[in-house]
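In case you want the letters, here they are:
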Amino acid sequence: MSCCITDMRNKEVICQCDGSRLGSVDDVEFDIKTGQITCIIIFGRGRPFGKGCDIKIPWDKICVVGEDTILVDYRCTVQPTPPPKRRFF
């Protein structure tokens, strides 16, 4: 079975350990010397005052590439940024 990079963009990425949805594949990173994909990238989602952190999942952490989903063995190490404090004048 084969899969194009454009096909991966439509797949949901699910964390195998807790079942959380991480997002959809937005980009891939590859080694130009070997031509192998090194990681998939999920862009940080918009926030009211900026963008969240991108998630890079190494290729060796991908467990299953299914028809609609990609299961990964990934633990998010980035802590969510608290919203900015509002000032009242």
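Residues numbered from 1 in each chain as written. Predicted model: local features only at pLDDT ≥ 70, side-chain atom pairs only at ≥ 80, totals over all residues. Heavy atoms only, no water.

A. Quick peek at the nonpolar core. Ranked by size, the top nonpolar core spans 14 residues in total, and within it Val13, Leu22, Val25, Ile40, Ile57, Ile70 and Val72 carry the most contacts. Looking at this core, the elements that each hand over two or more residues are strand S1 (12-15), strand S4 (37-42), strand S7 (55-58) and strand S9 (69-72). Residues in contact with Ile40, not counting those within four places in the same chain, are Met8, Val13, Val25, Asp27, Val28, Ile55, Lys56, Ile57, Trp59 and Ile62. (Core = buried A, V, L, I, M, F, W, Y, C linked by side-chain atoms within 4.5 Å. Buried < 20%, exposed > 50% of the residue type's maximum accessible area, 1.4 Å probe, protein only. Helix = DSSP H or I, 4+ residues; strand = E, 2+ residues; numbered from the N terminus. Contact = heavy atoms within 4.5 Å.)

B. Summary view of the confidence of the model for the protein. The share of residues in the protein with pLDDT of 70 or more is 76%, and the mean pLDDT across the chain is 81. Per-residue pLDDT, averaged within each element of the protein, yields its smallest value for strand S5 (residues 46-47) (59) and its largest for S9 (94). (pLDDT = per-residue confidence, 0-100.)

C. Region of interest: the sheet that holds strand S2 (residues 21-24). Strand order in the open sheet formed by 4 strands is S2-S1-S9-S8, with mixed pairing between adjacent strands. Pairing within the sheet leaves two strands with one partner each, and these edge strands are S2 and strand S8 (62-65). Ignoring which end each strand starts from, the neighbouring axes of this sheet average 20 degrees apart. The pairing of S8 with S9 spans 3 bridges and is antiparallel. Bridge pairing links Val64 to Leu71 in S9. (Pairing = 2+ DSSP bridges. Axes fitted to C-alpha atoms, helices over the stretch in contact; angles between N-to-C directions.)

D. Focus on the environment of Lys61. Structurally, Lys61 can be placed in the loop between S7 and S8. Accessibility expressed as a relative area gives 34% for Lys61, which makes it partly exposed. Expressed as a C-alpha distance, the spacing of Lys61 and Ile40, which sit 21 residues apart in the sequence, is 9.9 Å. Other than its neighbours up to four places away in sequence, Lys61 contacts Leu71, Val72 and Asp73.

E. Region of interest: the side chain of Ser24. Tracing the chain through its elements places Ser24 in strand S2. The contacts of Ser24, once residues within four sequence positions are left out, are Arg9, Lys11, Glu12, Val13, Ile41, Ile42 and Arg45.

F. Local environment of the pattern of salt bridges. All chains considered together, the criterion is met by 2 salt bridges. Between Arg21 and Glu12 there is a salt bridge, with the nearest N and O atoms lying 2.4 Å from each other. The salt bridge involving Glu29 is made with Lys56; its shortest N-O contact spans 2.9 Å. Of this pair, Glu29 sits in strand S3 (residues 27-30) while Lys56 sits in strand S7, placing them 27 residues apart in sequence. (Salt bridge = Lys/Arg side-chain N within 4 Å of Asp/Glu carboxyl O.)

G. Structural view of the sheet that holds S3. With antiparallel pairing, the 3 strands of this open sheet are ordered in space as S3-S4-S7. Across the chains shown, the open sheet's two edge strands, defined by having one partner strand only, are S3 and S7. Taken pair by pair, the neighbouring strands of this sheet meet at an average axis angle of 25 degrees, ignoring direction. Two elements, S4 and S7, share 4 bridges in a ladder whose sense is antiparallel. Bridged to Ile41 within S7 is Lys56.

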